[in-house]
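The primary structure of each chain is shown beneath.
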Amino acid sequence: MIEVMNIQKRFGEKEVLKDVSFRVNDGDVIAVLGPSGSGKTTMLRCLSFLETADGGKVIFDGKEYDLHHSSKKDILNYRKKIGFVFQNYQLFGNKTALENVTEGLIIARKMDKKEAVDRGMKALERVGMLDHKDFYPSRLSGGQQQRVAIARAMVSEPGVIFFDEPTSALDPELTGEVLNVMEKLADEGTTMVVVTHEMEFARRGADRVILMEDGLIVEEDSSDVFFTSPKTDRAKAFLEGIRGR
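Here the structure is a predicted model, which is why all the values come from computation and not from measurement.

Looking at the sheet that holds strand β6 (residues 82-85)
Read across the open sheet, the six strands follow the order β6-β7-β8-β3-β9-β10; overall the sheet is mixed. The sheet terminates laterally at β6 and β10 (216-222), the two strands that pair on one side only. With direction set aside, neighbouring strand axes in the sheet form an average angle of 15°. For strand β3 (residues 29-33) and strand β9 (residues 208-213), the ladder comprises four bridges, and the chain directions are parallel. Across the sheet, Val-32 pairs through a bridge with Ile-210, a residue of β9. The strands touched by helix α5 (residues 142-154) are β6 and β7 (160-164); relative to β6, the strand with the most contacts, the crossing angle is about 170°. Contacts between helix α6 (residues 172-187) and the sheet are confined to β3, β7 and β8 (192-195), with β8 contributing the most and set at about 150° to the helix.

Next comes the structure, spelled out in structure tokens:
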């Protein structure tokens, strides 16, 4: 469904992504692991055209997009097919939960308001937030805000949702409620690429694991194999470090 080819990205003299390539099949949940500074978030941002890559392509739904040279029209078309969940929610403070979820449908996609509201209500129900549809973000916990953000990402029925450390700003109790929603989406067959430090989610909720370091993919395998029989010394050291915490 999605083929990522040869992403490269520099910030000044620092080469952040070095020829990163991988494939995401329909219904896959990919957990992207690695130490801070390994290029995980930059990779997602390049794949979403939130950053302009220095090189690389992505094939999505049979169409090839150049991650360095794409027209505004092509980028807009591509973005209509993806969802993105940020670390810090990025909700509009002056809009209710439902309005945050429907804003993109009404403004960007010119959808009829009634249809947008119907879809928004269903999305909020899927993440357990329908009872809070009229609450503003200031009245919601961090976990509740992130669940609204997930509803916003999924309301347009994208082909894939990218998650960038969706629980990094949450305490352990709130982390659990967000991960439960993500595991439910995984069980429903939602295609997801998740940058995360949550090893239990990667172990239980992901089909495949990608381990990155220094702008490279150093190991990629099924979740079961990665956690029980890692092949590279770097993967073994990474898992030993996690277990030692």
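Re the sheet that holds strand β4 (residues 55-60)
The sheet built from four strands is open, its strands ordered β2-β1-β4-β5 with antiparallel pairing. Pairing within the sheet leaves two strands with one partner each, and these edge strands are β2 (14-24) and β5 (63-66). Recorded for the sheet is a direction-independent mean angle of 20° between the axes of neighbouring strands. Sheet analysis places strand β1 (residues 2-11) next to β4, joined by five bridges and oriented antiparallel.

What to know about the pattern of salt bridges
Throughout the structure, instances matching the rule amount to 18 salt bridges. For Arg-23, the salt bridge identified is with Glu-3, shortest N-O distance 3.3 Å. Here Arg-23 is found in strand β2, whereas its partner Glu-3 is found in strand β1, with 20 residues between them in sequence. For Arg-23, a relative accessible area of 43% translates into the label partly exposed. Judged by relative accessible area, which is 31%, Glu-3 ranks as partly exposed. Notably, a salt bridge pairs Asp-28 with Arg-208, separated by 2.9 Å at the nearest N-O pair. Here Asp-28, found in the loop between β2 and β3, pairs with Arg-208, found in strand β9; they are 180 residues apart in sequence, far enough to count as distant. The burial state of Asp-28 is the same as that of Arg-208; both residues are buried. When salt bridges that share partners are traced, they join Glu-183, Glu-200, Arg-203 and Arg-204 into one network.

Here's the deal with the packing of aromatic side chains
Under the definition given, this model contains five aromatic pairs. Considering the side-chain rings of Phe-49 and Tyr-78, the 5.3 Å spacing of their centres and the 85° angle between planes classify their relative orientation as edge-to-face. In this pair, Phe-49 sits in the loop between α1 (40-47) and β4 while Tyr-78 sits in helix α2 (residues 72-79), placing the two residues 29 residues apart along the sequence. The exposure class of Phe-49 is buried, given its relative accessible area of 10%. Centre to centre, the rings of Phe-60 and Tyr-78 are 5.8 Å apart; their planes meet at 75°, and the pair counts as edge-to-face. Linking Phe-60 in strand β4 with Tyr-78 in helix α2, this pair joins segments that are 18 residues apart in sequence. Residue Phe-60 shares its accessibility class with Tyr-78, and that shared class is buried. What links up through ring pairs into an aromatic cluster is the set Phe-49, Phe-60, Tyr-65 and Tyr-78. Against the face of Phe-227 rests Arg-203, its NZ or CZ located 4.6 Å from the ring centre.

Thresholds, definitions, all that
Residues numbered from 1 in each chain as written. Predicted model: local features only at pLDDT ≥ 70, side-chain atom pairs only at ≥ 80, totals over all residues. Heavy atoms only, no water. Pairing = 2+ DSSP bridges. Helix = DSSP H or I, 4+ residues; strand = E, 2+ residues; numbered from the N terminus. Axes fitted to C-alpha atoms, helices over the stretch in contact; angles between N-to-C directions. Contact = heavy atoms within 4.5 Å. Salt bridge = Lys/Arg side-chain N within 4 Å of Asp/Glu carboxyl O. Buried < 20%, exposed > 50% of the residue type's maximum accessible area, 1.4 Å probe, protein only. Phe/Tyr/Trp six-rings, centres within 6.5 Å; stacked < 30°, edge-to-face > 60°. Lys NZ or Arg CZ within 6 Å of the ring centre and 35° of its normal.

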